[in-house]
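These are the residues of each chain, in order.
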Amino acid sequence: MNERAEPPASSSSASPLIVIVSGPGGVGKGTIVDALLRRDSTLLLSRSWTTREQRPGEHDQAYVFTTREAFETHRENDGFLEWTEFLGNYYGTPVPDFSSTQDIVLEIEVDGAQQVKVRHPESVLLFILPPSRDEQRRRLIGRGDPDHKVLERLRKAEEEEPVGLALADYSFVNDDLDQTVDEMLVLINRLRADSRR
Ligand code: 5GP
């Protein structure tokens, strides 16, 4: 894990911790987040909205799958904490219930991560890097995307990495899933303890 020189100021104990997990496609964000939630059942995963089509085999609850019109209406009604257009589809995080005491996890790309950091500077951005481009390509292919989509996502990853690294409070190379998740949980617990001081 790499830590930025000046991590974010801790939030007050009354507000939930906002943990942003970001990184390019194929880096293993989804697997990491699933493992985080399994190991810490007090974390709440925000369910995003998207206009992307559901992939074959993808869980119905992976997103709120919606139309561009419904997304735009929700956006006009200030229903999103952040939103972006990523490779031709909209993605957005609905405004969370900040009155809840549960710490929130957002699994989003870098443009959205930047918006959340502007609105909530106390949020913590964990940026994940792939062990190598080859491994990232293998993971993207394994997800069942067609070849042109894999290439598009790899190209997008080249753009996202420097931006994400510049914004990140902490960065991780996802070489070993268990180790990455262990490090994240230690960090989250440390941040919780700091916010209670
Ligand atoms: P995918 O189509 O592979 O599910 O997601 C494409 C990218 O959009 C991924 O980097 C994913 O983390 C990101 N993403 C998913 N939900 C959101 C969201 O609500 N907001 C933003 N900004 N990005 C999202």
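Details of the structure are given in the entry above.
Residues numbered from 1 in each chain as written. Predicted model: local features only at pLDDT ≥ 70, side-chain atom pairs only at ≥ 80, totals over all residues. Heavy atoms only, no water.

### Details of the packing of helix α4 (residues 133-142) against helix α5 (residues 147-167)
Running from N to C, α4 and α5 point in directions that differ by 135°, and their axes come no closer than 10 Å. By the angle between their directions, the pair α4 and α5 is classed as oblique. With respect to the hand of their crossing, α4 and α5 are arranged in right-handed fashion. Note on element contacts: α5 touches α4 through V150, R153, L154, A157, E158 and E161, opposite R133, Q136, R137, L140 and I141. Broken down by class, the residue content of the contact of α4 with α5 amounts to five nonpolar, one polar and five charged. (Axes fitted to C-alpha atoms, helices over the stretch in contact; angles between N-to-C directions. Helix = DSSP H or I, 4+ residues; strand = E, 2+ residues; numbered from the N terminus. Parallel < 35°, antiparallel > 145°, perpendicular 65-115°, else oblique. Left-handed = near helix turned anticlockwise from the far one by under 90°. Contact = heavy atoms within 4.5 Å. Nonpolar A, V, L, I, M, F, W, Y, C, P; charged D, E, K, R; others polar.)

### Examining the site of the ligand
If you check the shell around the ligand, you find 17 residues, and the closest are S48, R52, Y63, Y91 and E109. In this structure, R52 approaches the ligand through a side-chain N or O atom, which is 2.6 Å from an oxygen atom. Taking Y91, its side chain carries an N or O atom lying 2.5 Å from an oxygen atom of the ligand. When the ligand is considered free in solution it has 510 Å² of accessible area, and contact with the protein chains removes 96% of it. Only β6 (80-86) and β7 (89-94) provide two or more residues apiece to the shell around the ligand. Of the residues belonging to the shell around the ligand, the class tally is four nonpolar, five polar and eight charged. (Near = heavy atom within 4 Å. Polar contact = N/O pair within 3.5 Å; in protein donor to acceptor, adjacent residues only side chain to side chain. Areas by Shrake-Rupley, 256 points an atom, 1.4 Å probe, with all protein chains shown as cover.)

### With respect to the nonpolar core
With 21 residues, the main nonpolar core has L36, L126, Y170 and M184 as its most contacted residues. Of all elements in the fold, only β2 (18-22), α1 (29-39), β9 (124-129), β10 (170-173) and α6 (177-196) reach the threshold of two or more residues within this core. In terms of residues, this core owes the most to one element, α6, which gives six residues. Once residues lying within four places of it in the same chain are set aside, the contact partners of L36 are L43, V181, M184, L185 and I188. Among the nonpolar cores identified, the runner-up in size contains 14 residues, and I20, I108, L125 and A168 belong to it. (Core = buried A, V, L, I, M, F, W, Y, C linked by side-chain atoms within 4.5 Å. Buried < 20%, exposed > 50% of the residue type's maximum accessible area, 1.4 Å probe, protein only.)

### Things to note about α1
All of the buried residues in α1 are K29, I32, V33, A35 and L36. Down the axis of α1, the smallest arc covering the buried residues is 160°, so these residues share one side. Next to the buried residues of α1 lie β2, β3 (44-45), β8 (104-107), β9 and α6. (Arc of directions from axis to C-beta.)

### A word on the sheet that holds strand β4 (residues 49-50)
In space, the four strands of this open sheet follow the order β5-β4-β7-β6, with mixed pairing throughout. Because the sheet does not close on itself, it has two edges, and the strands there are β5 (64-65) and β6. The pairing of β4 with β5 spans two bridges and is classified as parallel. The partner of T50 across the bridge, within β5, is F65. Against the sheet, helix α2 (residues 68-76) engages β4, β6 and β7, with an angle of about 40° to β7. (Pairing = 2+ DSSP bridges.)

### Considerations on the packing of aromatic side chains
Taken as a whole and judged by the stated rule, the model has eight aromatic pairs. With a centroid separation of 4.4 Å and 20° between ring planes, the pair formed by F71 and F80 is classed as stacked. As far as the burial class goes, F71 and F80 line up, both buried. When the centroid spacing of 5.9 Å and the interplanar angle of 90° are considered together, the rings of F86 and Y91 count as edge-to-face. Chaining the aromatic ring pairs together yields one cluster made of W49, F71, F80, W83 and Y90. Between R68 and the ring centre of Y90, over which it is positioned, the NZ or CZ distance is 4.1 Å. (Phe/Tyr/Trp six-rings, centres within 6.5 Å; stacked < 30°, edge-to-face > 60°. Lys NZ or Arg CZ within 6 Å of the ring centre and 35° of its normal.)

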